[in-house]
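Residue strings, one per chain:
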Amino acid sequence: MADRRPDPGALLERRAVRLQEQAGDRIAAIRRCGEVLVEIGAVTPEYVTAMLQREQSVSTYVGEGVAIPHGTLASKEAVRRDALAVLRFPEPVDWDGFPVTVCVAIAARGDGHVELLAALAQILLEPDSARALREATDIDDVLRLLAPVREESST
């Protein structure tokens, strides 16, 4: 039987990778992540509010300068299609005392949401991968770095 979990390789479009973003704080960074998901047609504007609500209940910081902002379970109706967005902040954003350089924003409707988060966190918590992602200045490098998530999420 085929694996039905989300395939991040297919979920991440070139136009959803932004490498020169700016934000004064984590709220502005999350709002910007949500705006990119809206721009690519993956979510409605209501999803951005849900992303901010998620952050109020539990931090989406995962370590190594990376955060994974996403909506609440109740916000799935605001998701038009599963998608990822990667935003790099060359000037780190203060994430409740931790410097964040990269946000991997997630929009997911299906049950694979938890597996997707776990697979992304596993890859991003590897110091070499996280450093390469934090320092990436080319979209192709970002796409290549996140390609292993596909293999991880299918095992």
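Residues numbered from 1 in each chain as written. Predicted model: local features only at pLDDT ≥ 70, side-chain atom pairs only at ≥ 80, totals over all residues. Heavy atoms only, no water.

Visitor: Give a description of the pattern of salt bridges that names residues and reports values.
Guide: The tally for this structure, following the rule as stated, stands at 11 salt bridges. Across the pair Arg14 and Asp140 runs a salt bridge, and its minimum N-O distance is 2.4 Å. Of this pair, Arg14 sits in strand β1 (residues 12-18) while Asp140 is found in helix α6 (residues 139-146), placing the two residues 126 residues apart along the sequence. Through salt bridges with shared partners, a single ionic network connects Arg18, Glu21, Arg32, Glu35 and Glu39. (Salt bridge = Lys/Arg side-chain N within 4 Å of Asp/Glu carboxyl O. Helix = DSSP H or I, 4+ residues; strand = E, 2+ residues; numbered from the N terminus.)

Visitor: Which residues make up the pairing of strand β5 (residues 98-107), and what are the values?
Guide: In terms of burial, β5 is largely enclosed, as eight of its 10 residues are buried. Relative to β5, strand β3 (residues 66-67) runs parallel, the two sharing two bridges. Of the residues in β5, the one forming a bridge with Ala67 is Cys103. Where strand β4 (residues 83-95) and β5 come together, nine bridges link them in antiparallel fashion. The residue of β5 that forms the bridge with Ala83 is Ala107. Hairpin remark: β4 followed by β5, antiparallel, with two residues in the connecting loop; positive phi at Asp96, about 55 degrees. (Buried < 20%, exposed > 50% of the residue type's maximum accessible area, 1.4 Å probe, protein only. Pairing = 2+ DSSP bridges.)

Visitor: Give me the packing of helix α2 (residues 26-39) against helix α3 (residues 46-57): which residues, what numbers.
Guide: Contact pair α2 / α3: the axes reach a minimum separation of 9 Å and the direction vectors enclose 145 degrees. The hand of the α2/α3 crossing is right-handed. Contacts between α2 and α3 involve Arg26, Ile27, Ile30, Arg31, Cys33, Gly34, Glu35, Leu37 and Val38 from the first element and Tyr47, Val48, Met51, Leu52 and Glu55 from the second. Residues belonging to the contact of α2 with α3 are distributed by class as follows: nine nonpolar, one polar and four charged. (Axes fitted to C-alpha atoms, helices over the stretch in contact; angles between N-to-C directions. Left-handed = near helix turned anticlockwise from the far one by under 90°. Contact = heavy atoms within 4.5 Å. Nonpolar A, V, L, I, M, F, W, Y, C, P; charged D, E, K, R; others polar.)

Visitor: Tell me about the nonpolar core, and name the residues and values.
Guide: Ranked by size, the top nonpolar core spans 45 residues in total, and within it Leu37, Tyr47, Val86, Trp95, Val142 and Leu146 carry the most contacts. Residue assignment for this core shows that the elements contributing at least two residues are β1, α2, α3, β3, β4, β5, α4 (113-124) and α6. (Core = buried A, V, L, I, M, F, W, Y, C linked by side-chain atoms within 4.5 Å.)

Visitor: So what's going on with the side chain of Arg32? Residues and values would help.
Guide: With respect to the helices, strands and loops of the structure, Arg32 is situated in helix α2. Assessed through its relative accessible area of 17%, Arg32 is described here as buried. Those residues in contact with Arg32 that lie beyond four places of it in its chain are Arg18, Glu21, Glu39 and Leu87.

Visitor: Can you lay out the packing of aromatic side chains for me, pointing to particular residues and giving the numbers?
Guide: One pass over the structure, following the stated rule, counts one aromatic pair. Relative to Phe98, the ring of Tyr61 has its centre 4.6 Å away and its plane inclined at 10 degrees; by these criteria the two rings are stacked. You can see Tyr61 sitting in strand β2 (residues 61-63) and its partner Phe98 sitting in strand β5, a full 37 residues away along the chain. Relative accessible area serves as the criterion here: at 42%, Phe98 is assigned to the partly exposed category. (Phe/Tyr/Trp six-rings, centres within 6.5 Å; stacked < 30°, edge-to-face > 60°.)

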